[in-house]
Amino acid sequence: MNNKNDMSAYHNKYIPSIIKWGRATNLIGVLIAFLPGLVCTAVYGLKPQVAAVIGGFILVASSEAVFWIVEPISYFPTLGIPGTYMSFLSGNISNLRLPVSLASQTAAEVEPGTEKGTVITAIGIGVSVIVNILILTFGVILGSSILSLIPESVINALTNIVPALFGALFAQNVVSRPKTGIVAIVLACGIMILNMLGLLGWVPGDPTYVIMIVCVFGTILIGRKIEASDMEKAKEAE
Amino acid sequence: MEYLKIANGFWLWVACGLGVAWVVFQSVLFLIKSIKVSKEIGITKTQVNSAVKTSIVATIGPSLGVLVGMVALLVSMGGPVSWFRLSYIGSVAYEMFAAEIGAQAGGGALGANMSATAFATGVWVMTLGALGSILITALFTDKMGKLENIMAGGRKEMLPIIAGCAMCGTFSYLCMDRVFRFNSQTTAALSGFIIMAVLNIWNKKLNKKWIRNWSFTISMFAGMLISIVA
């Protein structure tokens, strides 16, 4: 069986159907997001002032709006098409969906950016959405009175799982592509030190998005050159 | 009127339950489609199973983190809205921030004593502020695939390189962002990094399956333990 035929189901059926359903579920998701607000206003008669809502929205948007565009584009190569639809509907992207994407592709031994990698990521993220909802549902049933009894040491420990997870997953990247890994470390440290020194003050708003763009796209630009030339050399050596 | 009665009211549970059900619906639908196509493109059952197992492990730890982060939101915004917002679009940091701004704009401060109107303003602001990226992804995700192809110069063999470099840059950002906080998170990120790197390099020679399967879980929990003991 040749390789092209193998992937025809992916390109001709799977991805078109994911795009059709992904677009529909996320657009309907936008409408559903309004339900709690509508219930507050229509059922319980709470009528917040329109000016207050708009004012609050502008304040939130002034720090968030740039991420509406930067996050989907930066995370897309990691999440793939199905993973992007699911991640942005379900949220918790950096602490849950990105780690799950990398971890499940590594466990299944598939290469990121390939058809198989995209499908494995979609499976991993789908499972993670359901597990996260089960855990949160359990938490809401327990209620705040029980959750607030959890000792502070346990809370601190649980808060530190995510940074340890980020460290571990980044190490995996660095070990599997050392040259690009070093480029990524240098770029991240460089831009973060510039930020600490206050040298990103000219950037409109919170400069976090600039840090993110430099880390992700800087690594793509430089890493691509390095790895492409390594690939050529490997070919010539053959 | 006591706003917490409304915040934990029946109809709010219904509205939020519908939202949570919608996310579950999308995930189940995509899972079915993905598992079906996985057979057709030659992914083995073992590969799918290990992806599922790893995903569960990688989700439980951070999800418990979300759970404890949820307490503050639960106290002020009530059960249904907190449950909904953290299963749908949101993250703890964003929701606290948006709820606070909304409550203030509604003439209160986020907390168990705010007015019902401040609560409702919070709900509306949280909703509106979170719609940007979901709209962008609904409309443009298919085009992002084309953008990635352009970055690869139209060469298919370059796509895995682009994705690999993007991942590397993404996790470099996420990891260094914690390292540069100079608190126990710094220790957690660095310990997780070192343990994983050692296990991975060690395993390049040994090539043991159990190390590959468990190195990630071991580094995550060991990094966390070191950070609270240190």
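Going by what an unreviewed UniProt entry lists, chain B is known as DUF5058 domain-containing protein and is assigned to Hespellia stercorisuis DSM 15480.

**Student:** Got a minute to help me understand the overall build of chain A in this structure?
**Tutor:** Looking only at helices and strands, one finds eleven helices and zero strands in chain A. Listing each helix as α and each strand as β along chain A from the N terminus yields α-α-α-α-α-α-α-α-α-α-α. For chain A, the spread of C-alpha atoms along the principal axes amounts to about 75 × 55 × 40 Å. Put simply, chain A has 238 residues, and 51% of those count as buried. Sequence-distant contacts in chain A: of pairs separated by 6 or more residues, those separated by 24 or more amount to 62%.

**Student:** Any chance you could explain unusual backbone geometry here in plain terms?
**Tutor:** Both trends apply: most residues other than glycine have a negative phi, and most peptide bonds are in trans. With a phi close to 55°, E109(A) is a non-glycine residue in the positive phi region. Among the secondary structure elements, E109(A) is positioned in the loop between α5 (93-107) and α6 (115-142). The class for E109(A) is partly exposed, based on 14 C-beta atoms found within 10 Å. Of note, F182(B) is a non-glycine position whose phi angle comes to about 50°, a positive value. The topology assignment puts F182(B) in the loop between α8 (159-179) and α9 (184-206).

**Student:** Looking at this structure, how should I read the UniProt feature "transmembrane region" (unreviewed entry) in chain B?
**Tutor:** All names here are of chain B. According to UniProt, the positions carrying the feature "transmembrane region" (unreviewed entry) are residues 12-35, 56-77, 118-140, 161-180, 186-203 and 210-229. Segment residues 12-35 splits into 100% helix and 0% strand. End C-alpha atoms: 35 Å apart. In residues 210-229, helix accounts for 100% and strand for 0%; the two terminal C-alpha atoms are 27 Å from one another.

**Student:** Looking at this structure, I do not really get the packing of helix α9 (residues 161-176) of chain A against α8(B). What am I missing?
**Tutor:** Relative placement of two packed helices is described by the angle separating their axes and the distance separating the axes. Interaxial distance between α9(A) and α8(B) falls to 8 Å at its minimum, and their mutual angle equals 145°. The element α9(A) and its partner α8(B) pack so that their crossing is left-handed. Counted together, P163(A), F166(A), G167(A), L169(A), F170(A) and N173(A) of α9(A) and M167(B), C168(B), F171(B), S172(B), L174(B), C175(B) and R178(B) of α8(B) form the full contact between these two elements. Taken together, the residues of the contact of α9(A) with α8(B) break down into nine nonpolar, three polar and one charged.

**Student:** How should I be thinking about the UniProt feature "transmembrane region" (unreviewed entry) in chain A in this particular structure?
**Tutor:** Residue and element names in this part refer to chain A. Mapped onto this numbering, the UniProt entry annotates "transmembrane region" (unreviewed entry) at residues 21-44, 50-70, 119-142, 154-175, 182-203 and 209-226. The span residues 119-142 is 100% helical and 0% strand by assignment, and the distance between its end C-alpha atoms comes to 35 Å. For residues 182-203, the end-to-end C-alpha separation is 26 Å, with 68% helix and 0% strand making up the annotated structure.

**Student:** Would you mind going over the nonpolar core with me for this structure?
**Tutor:** It is characteristic of soluble globular proteins that their nonpolar side chains tend to be buried jointly. C215(A) and V125(B) are the most contacted members of the largest nonpolar core, which totals 144 residues. The leading source of residues in this core is α8(B), at 14 residues. When neighbours within four sequence positions are excluded, V125(B) is seen to be in contact with V53(A), G56(A), F57(A), V60(A), A98(B), I101(B), G102(B) and A105(B).

**Student:** What is the right way to look at the interface of chain A and chain B in this model?
**Tutor:** Many authors give the size of an interface as the accessible area that is lost as the parts come together. Listed as interface residues are 143 residues of chain A and, on the opposing side, 131 residues of chain B. Counting residues per element, the side of chain A that touches chain B draws most heavily on helix α4 (residues 50-90) of chain A, at 29 residues.

**Student:** What exactly am I supposed to notice about the packing of α9(B) against helix α10 (residues 209-229) of chain B here?
**Tutor:** All names here are of chain B. The contact between α9 and α10 brings their axes to 8 Å, and the two run at 155°. The angle between the axes of α9 and α10 places the two elements in the roughly antiparallel class. When you trace α9 past α10, the crossing you get is right-handed. Residues S184, T187, A188, S191, G192, I195, M196, L199, N200, N203 and L206 of α9 pack against I211, R212, S215, I218, S219, M220, A222, G223, M224, I226, S227 and I228 of α10. Along the lines of polarity and charge, the residues of the contact of α9 with α10 split into twelve nonpolar, ten polar and one charged.

**Student:** Just to check I follow, could you spell out the environment of I211(A) for this structure?
**Tutor:** Considering the arrangement of structural elements, one finds I211(A) in helix α11 (residues 208-237). In the structure, I211(A) is positioned 37 residues away from V174(A) in sequence and 19 Å away in space, judged by C-alpha atoms. The contacts of I211(A), once residues within four sequence positions are left out, are I191(A), M192(A), N195(A) and Y173(B).

**Student:** Please explain helix α2 (residues 8-33) of chain A as it appears in this structure.
**Tutor:** One turn of an α-helix holds 3.6 residues; hence residues three or four places apart share an orientation. Across its 26 residues, α2(A) extends 36 Å between first and last C-alpha, which sits within 8% of the 38 Å expected from 1.5 Å per residue. Where α2(A) bends most, at Y14(A), the angle is about 30°, and the proline P16(A) comes one to four residues later. Residues of α2(A) that are buried include every one of Y14(A), I15(A), I18(A), G22(A), T25(A), N26(A), G29(A), I32(A) and A33(A), and no others. Tucked into the core, α2(A) has its buried residues touching α3 (35-43) and α4 of chain A together with α2 (10-40), α6 (116-129) and α7 (131-151) of chain B.

**Student:** How do you make sense of the environment of N113(B) when you look at a structure like this?
**Tutor:** Relative to the elements of secondary structure, N113(B) occurs in the loop between α5 (92-105) and α6. Distance in space between the C-alpha atoms of N113(B) and Y3(B) is 8.5 Å, their sequence separation being 110 residues.

**Student:** Please clarify how the environment of A164(A) should be interpreted in this entry.
**Tutor:** Mapped onto the elements, A164(A) comes out in helix α9. Once residues within four sequence positions are removed from consideration, A164(A) is found in contact with A188(B), A189(B), S191(B), G192(B), S219(B), M220(B), G223(B), M224(B) and S227(B).

**Student:** Would you take a moment to explain the confidence of the model for chain B for this structure?
**Tutor:** Where the model shows low pLDDT, its predicted coordinates should not be examined in detail. All names here are of chain B. For chain B, per-residue confidence averages 90 on the pLDDT scale, and 100% of positions sit at 70 or higher. α2 holds the highest mean pLDDT among the elements of chain B, 95, whereas α5 holds the lowest, 85. Prediction confidence for the complex, expressed as pTM and ipTM, is 0.91 and 0.91 respectively.

Thresholds applied
Residues numbered from 1 in each chain as written. Chains lettered and ligands numbered in written order. Predicted model: local features only at pLDDT ≥ 70, side-chain atom pairs only at ≥ 80, totals over all residues. Helix = DSSP H or I, 4+ residues; strand = E, 2+ residues; numbered from the N terminus. Buried ≥ 20, exposed ≤ 12 C-beta atoms within 10 Å, placed from the backbone. Contact = placed C-beta atoms within 7 Å. UniProt positions renumbered as here; feature names shortened; annotations may be inferred. Axes fitted to C-alpha atoms, helices over the stretch in contact; angles between N-to-C directions. Left-handed = near helix turned anticlockwise from the far one by under 90°. Nonpolar A, V, L, I, M, F, W, Y, C, P; charged D, E, K, R; others polar. Core = buried A, V, L, I, M, F, W, Y, C linked by C-beta atoms within 7 Å. Parallel < 35°, antiparallel > 145°, perpendicular 65-115°, else oblique. Expected span 1.5 Å × (residues − 1). Bend = angle between axes of the 7 residues up to and from the residue. pLDDT = per-residue confidence, 0-100.

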